[in-house]
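Inside the fold
Given next are the chains, with one letter for each unit.
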Amino acid sequence: MKNIYLLGATGSIGIQTIEIIEEYPEEFNLIAISGYSNLEKLIEIGSKFSLEMISVKDNHDADVIKEVFPDIQIVFGEEGLCELAKLNENDEDGVLINALVGMVGLKPTIEAIKIDRDILLANKETLVVGGHLVNALLKEHDAKLYPIDSEHNAIWQAMQGEDTKKIKSLIITASGGSFRDKTRDELKSVTLKDALSHPNWNMGNKITIDSATMMNKGFEIIEAAYLFNISIENIKPLIHKESIIHSMVEYVDGSIIAQMANPDMRLPISYAMFYPKRIKSLIEPLNFDKISSLNFKPVDYDRYPLLKLAIDCFKIGGSHRTVLNAANEAAVKLFLNEKISFLQIEEIVLNAVQNHQTIVDPSLEEIYDIDKTIKKEIFDRYNK
Ligand code: NAD
Ligand code: MG
């Protein structure tokens, strides 16, 4: 039995995680959850499980939730997320599932590693901004980090039983997002609604926009570099519009191992939750009678400048990744609030990165300071 500490329970990944917990009640015990803006959903989840802790946005929400659940410990803010991540420090069956969106997931990840708690990570921004800190801590502690992100989960599956020193490259597939068939000229007039309709996946709003700009693929390349300790030169994106092959590992002998399945996050989530076991998952199996072809196309970096920028930021290193992420979080928020156009996301992120003087190996405090400054500058300028 695993005890689950779930950050971001009310989001797309969080809800699918809870679905799996409900399907396998003899395998998992949900101990604690966090939410941010959807109190109703938190109350619904809280009523179904006997939780020990709920983490909410602020003091005010904490009072509301306390009324409903007087016997559950209620915490709030970024500190609350950290308390949740390290709740019951000596629980040897405890696993943290980090399904938060944004770099707010970094500190709780660090807290869990410090108490030697394994982490199932959906929250890729954690590795984008703090991959160097996370990897350094993982070396000192017993905690393990397992990926939920479908591409990384596929790579992890394709590495089972293999000698990872014999890997030549990782091929990360990309659907191309909601605007994959549009030219850059056509992008000038796209709307928020267009951007939010992803052809293959049903996900949270931020990652859906990140997929449309392909910043998501850039983040995933950085994520893969930290997770698998592979040189970024050997991590290659590839457009594969069907999202059937979730990624591939190329070995020195020329063999390429791919993981395939219908695009449904419940598979990578359950693979991570049950690892090293495999179980019957909730997804519909692939039916090759219905798949007439699988398509592949090289990535055009001029079409997707943020993908190129993410790779460049990783190569520059240091605090450039923090700026990349902070500017992107701010710009995507502005776009979701219909304050800027789709192409302005790129403009804002490119501009922030170009104006930054990098700090080598930024500390956690430096990362948080830079993140705050960059976001403030962007919001002050555009949030009118
Ligand atoms: P989502 O927006 O649906 O959910 C995010 C969760 O985080 C919610 O519970 C929300 O309440 C909480 N949250 C948001 N801002 C917060 C804040 N400032 N403080 C505390 N909590 C906050 O997002 P999602 O689509 O579930 O994605 C979660 C993470 O998983 C992201 O990093 C995303 O890139 C990654 N991911 C998602 C998918 C997917 O299919 N949704 C696939 C692969 C990777
Ligand atoms: Mg992914």
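Preceding this section is the structure that the text describes.
Residues numbered from 1 in each chain as written. Chains lettered and ligands numbered in written order. Predicted model: local features only at pLDDT ≥ 70, side-chain atom pairs only at ≥ 80, totals over all residues. Heavy atoms only, no water.

**Quick word on the coordination of the magnesium ion (ligand 2)**
Keep this limit in mind: Donor atoms: N, O and S within 2.8 Å of the metal, or within 3.2 Å for Na, K and Ca. Because water is excluded, sites can look incomplete. Here the term buried applies to any residue with accessible area under 20% of the maximum for its type, exposed to any over 50%, and partly exposed to those in between, with areas from a 1.4 Å probe on protein chains only.
Coordination sphere of the magnesium ion (ligand 2), protein contribution only: Asp149 (OD), Glu151 (OE) and Glu220 (OE), at 2.0 to 2.2 Å. On the primary sequence, the residues serving as donors to the magnesium ion (ligand 2) are separated as D-x1-E-x68-E. Accessibility assignment for this pair places Asp149 and Glu151 in one class, buried.

**Topic: helix 4 (residues 77-85)**
For clarity, the threshold we go by: Comment: elements are numbered from the N terminus, with helices defined as DSSP H or I runs of at least four residues and strands as E runs of at least two. Contacts are residue-level and defined by heavy atoms, with any inter-residue pair within 4.5 Å sufficient.
Turning to helix 4, its buried residues are Gly80, Leu81, Cys82, Leu84 and Ala85. Looking at the packing, one finds that the buried side of helix 4 touches strand 1 (2-7), strand 2 (28-34), strand 3 (53-56), strand 4 (73-76), strand 5 (94-98) and helix 5 (106-114).

**Overview of unusual backbone geometry**
Glycine aside, a negative phi is what most residues show, and trans is what most peptide bonds show. With an omega dihedral of 5°, the bond running from Tyr275 to Pro276 counts as a cis peptide bond. Positive phi values are uncommon outside glycine, yet Asn88 reaches one of about 50°. Note that Asn88 resides in the loop between helix 4 and strand 5. Here Asn88 falls in the partly exposed class, since its relative accessible area comes to 33%. If you check the backbone angles, Glu338 has positive phi at about 55° while not being a glycine. One can find Glu338 in the loop between helix 14 (320-336) and helix 15 (342-354).

**Overview of the nonpolar core**
What counts, and what does not: In plain words, nonpolar cores are sets of buried Ala, Val, Leu, Ile, Met, Phe, Trp, Tyr and Cys residues tied together by side-chain atoms within 4.5 Å.
Leu30, Ile54, Leu170, Met273, Leu324, Ile345 and Val349 are the most contacted members of the largest nonpolar core, which has 129 residues in total. Leave out the neighbours within four places in its chain, and Val349 touches Met215, Leu306, Leu309, Leu324, Ala327, Asn328 and Ala331.

**Examining the packing of aromatic side chains**
Aromatic ring pairs are defined here through the distance separating the ring centres and the angle between the ring planes. As a reminder, the rule being used: Ring geometry is summarised as follows: Phe, Tyr and Trp rings, the Trp one being its six-membered ring, pair when their centres sit within 6.5 Å, and such pairs are stacked at plane angles under 30 degrees, edge-to-face over 60 and tilted between the two. Comment: the charge-over-ring label is applied if NZ (Lys) or CZ (Arg) is within 6 Å of the ring centre and within 35 degrees of the ring normal.
According to the stated counting rule, one finds 10 aromatic pairs in the structure shown. With 5.0 Å between their ring centres and 80° between their planes, Trp156 and Tyr271 make a pair best called edge-to-face. Residue Trp156 is located in helix 7 (residues 150-158), and its partner Tyr271 is located in helix 12 (residues 266-274); the two are separated by 115 residues in the primary sequence. Accessibility assignment for this pair places Trp156 and Tyr271 in one class, buried. Aromatic side chains Trp156 and Tyr275 sit 4.6 Å apart centroid to centroid with 45° between the ring planes, which places their arrangement in the tilted category. With Trp156 in helix 7 and Tyr275 in the loop between helix 12 and helix 13 (305-316), this pair connects stretches of sequence that are 119 residues apart. Its relative accessible area of 8% is what places Trp156 among the buried residues. The side chain of Arg117 reaches across the aromatic face of Tyr5, ending 4.0 Å from its centre. Between Arg303 and the ring centre of Tyr304, over which it is positioned, the NZ or CZ distance is 4.4 Å.

**Here we look at the layout of surface pockets**
Put simply, the rule reads: Here a cavity means grid points, on a 1 Å grid over the protein atoms only, where a 1.4 Å probe fits yet cannot get out; a pocket means an open set of points with protein on both sides within 12 Å along at least five of seven lines; lining residues are those with an atom within 4 Å of a point. Grid points are joined across faces, edges and corners, and a volume is the space filled by probe spheres set on the points. Each domain's limits were defined by an automated method or a database of domain assignments.
One number sums up the size of the second largest pocket: a volume of about 520 Å³. Taken together, the elements giving at least two residues each to the lining of the second largest pocket come down to helix 6 (125-140), strand 7 (145-147) and helix 11 (215-228). For the lining of the second largest pocket, the two domains that each supply at least three residues are domain 1 (2-147) and domain 2 (152-260 + 287-307).

**Points about the pattern of salt bridges**
Filter applied, for reference: By salt bridge we mean one thing: a side-chain nitrogen of Lys or Arg within 4 Å of a carboxyl oxygen of Asp or Glu.
Taken as a whole and judged by the stated rule, the model has 21 salt bridges. When the shortest N-O distance is used, the salt bridge between Lys124 and Asp149 registers 2.9 Å. With Lys124 in the loop between strand 6 (118-121) and helix 6 and Asp149 in the loop between strand 7 and helix 7, this pair connects stretches of sequence that are 25 residues apart. Taken as a pair, Lys124 and Asp149 share a single burial class, namely buried.

**Thoughts on empty space enclosed by the protein**
According to the stated counting rule, one finds one cavity of 30 Å³ or more in the structure shown. Considering only enclosed or pocket space, the largest cavity measures out at about 50 Å³ in volume. Surrounding the largest cavity, Ser150, Asn153, Gln157, Trp201, His246, Gln259, Ala261, Asn262, Asp264, Leu267 and Pro268 form its lining. Looking at the lining of the largest cavity element by element, the count peaks at three residues for helix 7.

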